[in-house]
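Each chain, written out:
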Amino acid sequence: RDGYMENTFRKRSADDRRSLAGRGALYWRPDDKLQLRFGVTMEKVNDDAARLSSLASRDPFAVSSDRNGETKIDRLQLSFQARRKFDWGAVTATTSRQDWDLNPSSTDLDLSSLPLAFSRVAQGEEAWTQEIRFESTPGSNKAQWRAGLFYFDSSIDGDALREFIVPPGAFVPPGFVQTERTVFTIGQTNLAGYANIDRPLTEKSILKLGLRLEHSASEMDRSKTSSNNFGFPV
């Protein structure tokens, strides 16, 4: 998709968008009691700069950035499901995994032809889920029940860099460039067990009972460092 903005300094469009995505699935039924399903989803995004322009600009659809900026994203998702029927009901096991990678997301913060300020972010995410579910055979005259376990685990790693010139002042010499870097990791897990039952009482009423127990945990580690071109302590 063509962009709306023009980078007059680099003589090119500033915010074009390009993406490629695909999805496929394979369904296999070896016999009347077993069903297998495989799935894959892939996506690749290669965008230009974020749609930002200066409020002081005469033309909001034009910028004059020394760096055009970019956003690159790759995503891969895999899934597998197996379902087995028995005389009393069925068991279904579902597994999925997703890898998501942003590298990089860069932006010219000053929106000018001078190298005054920029940011660059890289982030990766990995997540997978596992569920196993037991359920009774459907029927109109008897109670229906379902029970299962669910597990989720994810990990996020990020690295953000920002550099900018600080306006001179009483304690800031001219040409003072500040560099800030933030590195972080986030981990999340979730474990749940659930059960529910639907029991017909009359032709027009059904009693529904359910229970879910869940345990969640999150952990974050984050550090930020600052430096400058004058070597001043920070």
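Everything below is about the structure shown above.
These remarks concern the structure in this document. Remember, predicted model here, so these are calculated numbers, not experimental data.

For the rest of this paragraph, the subject is empty space enclosed by the protein. Following the criterion strictly, the structure yields 1 cavity of 30 Å³ or more and no others. Quantified by volume, the largest cavity comes out at close to 90 Å³. Around the largest cavity, the lining comprises 13 residues; the ones closest to its centre are Ala49, Ala50, Ser65, Asn68 and Leu111. Residue classes in the lining of the largest cavity are distributed as 7 nonpolar, 4 polar and 2 charged.

For the rest of this paragraph, the subject is the sheet that holds strand 5 (residues 62-63). Ordered in space as 2-1-5, the 3 strands form an open sheet in which the pairing is mixed. Both outer strands of the open sheet, strand 2 (12-13) and strand 5, are each paired with one neighbouring strand and no more. Sheet topology note: the strand 1 (residues 6-7)/strand 2 ladder contains 2 bridges and is antiparallel. Along strand 2, the bridge assignment pairs Glu6 with Ser13.

If you walk through the whole model with that rule in mind, you get 7 aromatic pairs. Here the aromatic rings of Trp88 and Trp145 are separated by 6.0 Å at their centres, their planes lie at 15°, and the arrangement is stacked. Separated by 57 residues along the polypeptide, Trp88 in the loop between strand 6 (70-85) and strand 7 (89-108) and Trp145 in strand 9 (residues 144-165) bring together distant segments of the chain. Overall, the relative accessible area of 40% leaves Trp88 in the partly exposed class. On the accessibility criterion, Trp145 (35% relative accessible area) is partly exposed. Taken together, a centroid distance of 5.6 Å and an interplanar angle of 40° make the contact between Phe230 and Phe232 tilted. One residue, Arg67, lies across the ring of Phe118, its end atom 4.0 Å from the ring centre.

Within the secondary structure layout, Asp47 lies in strand 4 (residues 34-47). For Asp47 and Thr71, which are 24 residues apart along the polypeptide, the C-alpha to C-alpha distance reads 5.0 Å. Setting aside chain neighbours within four positions, we find Asp47 in contact with Asp16, Arg17, Arg18, Glu70 and Thr71. Within polar-contact distance, the side chain of Asp47 engages the backbone nitrogen of Arg18 at 3.3 Å.

This part takes up the sheet that holds strand 9. Within the open sheet, the 8 strands sit side by side as 3-4-6-7-8-9-10-11. Their pairing is antiparallel. Both outer strands of the open sheet, strand 3 (19-28) and strand 11 (205-228), are each paired with one neighbouring strand and no more. Between one strand and the next, the sheet's axes are offset by a mean angle of 5°, whatever the strand orientation. For strand 6 and strand 7, the ladder comprises 15 bridges, and the chain directions are antiparallel. Bridge pairing links Ser79 to Ser96 in strand 7.

Residues Phe86, Trp88, Ile132, Phe134, Trp145, Leu149, Ile197, Leu201, Leu207 and Leu209 make up a contiguous nonpolar surface patch of about 900 Å² in total accessible area. Of all the secondary structure elements, the ones that give two or more residues to the nonpolar patch are strand 8 (117-136), strand 9, strand 10 (177-202) and strand 11. Among the secondary structure elements, Leu149 is positioned in strand 9.

The rules behind each value
- Residues numbered from 1 in each chain as written.
- Predicted model: local features only at pLDDT ≥ 70, side-chain atom pairs only at ≥ 80, totals over all residues.
- Heavy atoms only, no water.
- 1 Å grid on protein atoms, 1.4 Å probe; cavity = no way out; pocket = protein on both sides within 12 Å on 5 of 7 lines; lining within 4 Å.
- Points joined across faces, edges and corners; volume = space filled by probe spheres on them.
- Nonpolar A, V, L, I, M, F, W, Y, C, P; charged D, E, K, R; others polar.
- Pairing = 2+ DSSP bridges.
- Helix = DSSP H or I, 4+ residues; strand = E, 2+ residues; numbered from the N terminus.
- Phe/Tyr/Trp six-rings, centres within 6.5 Å; stacked < 30°, edge-to-face > 60°.
- Buried < 20%, exposed > 50% of the residue type's maximum accessible area, 1.4 Å probe, protein only.
- Lys NZ or Arg CZ within 6 Å of the ring centre and 35° of its normal.
- Contact = heavy atoms within 4.5 Å.
- Polar contact = N/O pair within 3.5 Å; in protein donor to acceptor, adjacent residues only side chain to side chain.
- Axes fitted to C-alpha atoms, helices over the stretch in contact; angles between N-to-C directions.
- Patch = residues over 30% accessible without salt bridge, like charges linked within 9 Å, V, L, I, M, F, W, Y side chains within 5 Å.
- Areas by Shrake-Rupley, 256 points an atom, 1.4 Å probe, with all protein chains shown as cover.
- Salt bridge = Lys/Arg side-chain N within 4 Å of Asp/Glu carboxyl O.

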